[in-house]
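Structural overview
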Amino acid sequence: MLQGVVSPEEYRDYIEFQHQLDDDPAIKELNAKIVEVTKELRQLRVESSTLREKLTGANPKIEAIREKLISAMRPHFGSGPVPMPVPAKSN
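Read on for a plain summary of the structure.

The rules behind each value
- Residues numbered from 1 in each chain as written.
- Predicted model: local features only at pLDDT ≥ 70, side-chain atom pairs only at ≥ 80, totals over all residues.
- Heavy atoms only, no water.
- Helix = DSSP H or I, 4+ residues; strand = E, 2+ residues; numbered from the N terminus.
- Buried < 20%, exposed > 50% of the residue type's maximum accessible area, 1.4 Å probe, protein only.
- Areas by Shrake-Rupley, 256 points an atom, 1.4 Å probe, with all protein chains shown as cover.
- Salt bridge = Lys/Arg side-chain N within 4 Å of Asp/Glu carboxyl O.
- Expected span 1.5 Å × (residues − 1).
- Polar contact = N/O pair within 3.5 Å; in protein donor to acceptor, adjacent residues only side chain to side chain.
- Axes fitted to C-alpha atoms, helices over the stretch in contact; angles between N-to-C directions.
- Parallel < 35°, antiparallel > 145°, perpendicular 65-115°, else oblique.
- Contact = heavy atoms within 4.5 Å.
- Nonpolar A, V, L, I, M, F, W, Y, C, P; charged D, E, K, R; others polar.

1. Let's talk about the overall build of the protein
- A tally of regular secondary structure across the protein gives 3 helices and 0 strands.
- Sequence-ordered secondary structure for the protein, helices as α and strands as β, is α-α-α.
- A total of 91 residues make up the protein; the buried ones form 0% of that total.
- For the protein, the exposed surface amounts to about 8900 Å²; the carbon and sulfur share of it is 62%.

2. Thoughts on the pattern of salt bridges
- In this structure the tally under the stated criterion is 7 salt bridges.
- Ionic pairing is found between aspartate 13 and arginine 12, a salt bridge with its closest N-O pair at 3.2 Å.
- Classification of aspartate 13 by relative accessible area gives partly exposed; the value is 40%.
- You can call arginine 12 partly exposed: its relative accessible area is 44%.
- One salt bridge connects glutamate 67 with arginine 66, and the closest N-O pair in it is separated by 3.1 Å.
- Among the residues examined, glutamate 67 registers a relative accessible area of 37% and is labelled partly exposed.
- Taking the relative accessible area as the measure of exposure, arginine 66 reaches 24% and is therefore partly exposed.
- The structure contains a network of salt bridges with shared partners spanning Glu53, Glu63, Arg66 and Glu67.

3. A closer look at helix α2 (residues 25–57)
- For α2, spanning 33 residues, the distance from its first C-alpha to its last is 48 Å, which sits close to the expected 48 Å at 1.5 Å a residue.
- The backbone nitrogen of alanine 26 has a side-chain oxygen 2.9 Å away, supplied by the residue at the start of α2, namely aspartate 24.

4. Here's the deal with the packing of α2 against helix α3 (residues 60–73)
- α3 packs onto α2 with a crossing angle of 110 degrees between their chain directions and a minimal axis gap of 7 Å. As judged from the angle between their axes, α2 and α3 are roughly perpendicular. Along its contact with α2, which presents Glu53, Thr56 and Gly57, the element α3 presents Ile62, Glu63 and Arg66.
- Tallied by class, residues from the contact of α2 with α3 come to 1 nonpolar, 2 polar and 3 charged.

Taken by themselves, the reported measurements are silent on function.
Listed below in structure tokens is the structure:
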């Protein structure tokens, strides 16, 4: 795919440079910050979801509506035969 675009040596040089960038202290520091912020973001999402569940559960009317919606979205196993597709006739 890269034939004629770059030589094998150019490609090797490029890859080696990318690896050197991975070892750069400033880049390592930024990547560590990204990891920490990502962990914090995940935790905030969990907290938000937990609070939403708590507030929804505290409102009986809304909780009942939520349960109806969840029930309607679940497949109803055992509620009768599942229609099977009819194969097309071959001529």
